[in-house]
Amino acid sequence: KLEQFGNRVGNVYAFVRASRVTNGDIVNDVCRIANIAETDLDTLGGDVIISGYKLETKFTPQEVINGLNTIFFCDFPEIDNVMTLVHRGGAVEATLTEDDLGYAVYDGPLDEAVDALVETYENYVDLPTKVSFTFLDKDHNYDQIVQEDVRQVAANKNEKTISMSIAMEVGQGKAIA
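Sequence order sets the numbering: in each chain, residues are counted from 1 along the sequence as written. Only residues with pLDDT of 70 or above have their local features reported here, since the model is predicted, and side-chain atom pairs are shown and tallied only from 80 upward, although totals for entire chains, interfaces and linings are computed over all residues. The side-chain quantities take in all heavy atoms of the structure and omit both hydrogens and water.

> How should the environment of histidine 140 be read in this particular structure?
Secondary structure elements follow DSSP: runs of H or I of four or more residues count as helices, runs of E of two or more count as strands, with numbering from the N terminus. Along the chain, histidine 140 turns up in the loop between β9 (130-137) and β10 (143-150). Between the C-alpha atoms of histidine 140 and valine 170, which are 30 residues apart in sequence, the distance is 9.6 Å. Separated by 2.6 Å, the side chains of histidine 140 and aspartate 137 make a polar contact. Pairs of N or O atoms are called polar contacts if they sit within 3.5 Å, as long as, within protein, a hydrogen donor faces a hydrogen acceptor (for residues adjacent in sequence, only side-chain-to-side-chain pairs).

Printed below as a string of structure tokens:
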């Protein structure tokens, strides 16, 4: 009977939960598939409730986690040897002075002042004028739909497309776009 499937045995991953699922749960499940021990993870910072998420046939854990972090404004840094899911824009955890920052190798004259910190800002012209977000609409039989948002400030043609196999309502998708 394997002839029907090209003589290959497919891999199927299914995680079914009776309780509400959050973006932290999805990150945790993806890390488990990648054989990362639960003791090396802290995904409690992922508290956005998600209606559903479909893992594609071929995916890398980094692709899934980066996609979720993009749409839910999170980061997944290593803190004290534990991968920790953290929301961006939260409360201030620490204040760093210029003296706390690293060092730089400087080959110029010793009497010339050197900036300890270089700040860069994104030019608004480089930001996308159009963002398209593709997701699964849970209210319409999980059909794949696209929500778009257009910023009519610049004359550039920079566009960004985000495609996720995540189930949500149309209003949520529009807010992300």
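After presenting the structure, the write-up continues.
> Would you mind going over the sheet that holds strand β4 (residues 52-53) with me for this structure?
Strands qualify as paired when DSSP identifies two bridges or more between them. The 4 strands are arranged β4-β11-β9-β10 in an open sheet whose pairing can be described as mixed. Looking at strand neighbours, the two that pair on one side only are β4 and β10, the edges of this open sheet. Pairing analysis gives 7 bridges linking β9 to strand β11 (residues 159-168), with the strands arranged parallel. Residue pairing for β11: leucine 136 is matched across the bridge by alanine 167. The strands that helix α2 (residues 61-72) touches are β4, β9 and β11; relative to β11, the one it contacts most, it runs at about 100°. In what follows, a contact means two residues having at least one pair of non-hydrogen atoms within 4.5 Å. For helices, the fitted line uses only the C-alpha atoms of the stretch in contact; every axis is such a line through C-alpha atoms, and the angle between N-to-C directions lies from 0 to 180 degrees.

> What should I look at first to understand the packing of aromatic side chains in this one?
One pair of aromatic rings is described through two measures. These are the centre distance and the angle between the planes. The rule is short: rings of Phe, Tyr and Trp, with Trp giving its six-membered ring, pair when the centres are within 6.5 Å, and they are stacked under 30 degrees, edge-to-face over 60, tilted in between. Taken as a whole and assessed by the stated rule, the structure comprises 1 aromatic pair. The interplanar angle of 20° and the centroid separation of 5.3 Å between the aromatic rings of phenylalanine 133 and phenylalanine 135 together place this pair among those described as stacked. Categorising residues by exposure relies on relative accessible area from a 1.4 Å probe, with only protein chains included: less than 20% of the type maximum marks a residue as buried, more than 50% marks it as exposed, and the intermediate range marks it as partly exposed. Since its relative accessible area comes to 0%, phenylalanine 133 is described here as buried.

> Would you mind showing me how to read unusual backbone geometry here?
Phi is mostly negative for residues that are not glycine, and the peptide bonds are mostly trans. Of note in this structure, asparagine 81 is not a glycine but carries a positive phi near 65°. Looking at the element boundaries, asparagine 81 is found in the loop between β6 (78-79) and β7 (82-84). Phi is positive for tyrosine 142, close to 60°, though the residue is something other than glycine. The topology assignment puts tyrosine 142 in the loop between β9 and β10.

> Hey, could you run me through the environment of asparagine 28 in this one?
Assignment of secondary structure puts asparagine 28 in helix α1 (residues 23-33). Accessibility expressed as a relative area gives 14% for asparagine 28, which makes it buried. With 15 residues separating them along the chain, asparagine 28 and threonine 43 place their C-alpha atoms 6.4 Å apart. With near-sequence residues (within four places) excluded, asparagine 28 lies in contact with Glu38, Leu41 and Thr43.

> Even after reading the chapter, I still don't get the sheet that holds strand β2 (residues 41-42), so can you show me in this structure?
By way of backbone hydrogen bonds, the strands of a sheet pair with one another, either parallel or antiparallel. A sheet is described by the order of its strands in space; here 3 strands give the open sequence β2-β7-β6, paired in mixed fashion. Single-partner strands in this sheet number two, and they are β2 and β6. Summarising the sheet, β2 and β7 pair through 2 bridges and their orientation is parallel. Residue pairing across strands places leucine 41 opposite methionine 83, the latter belonging to β7.

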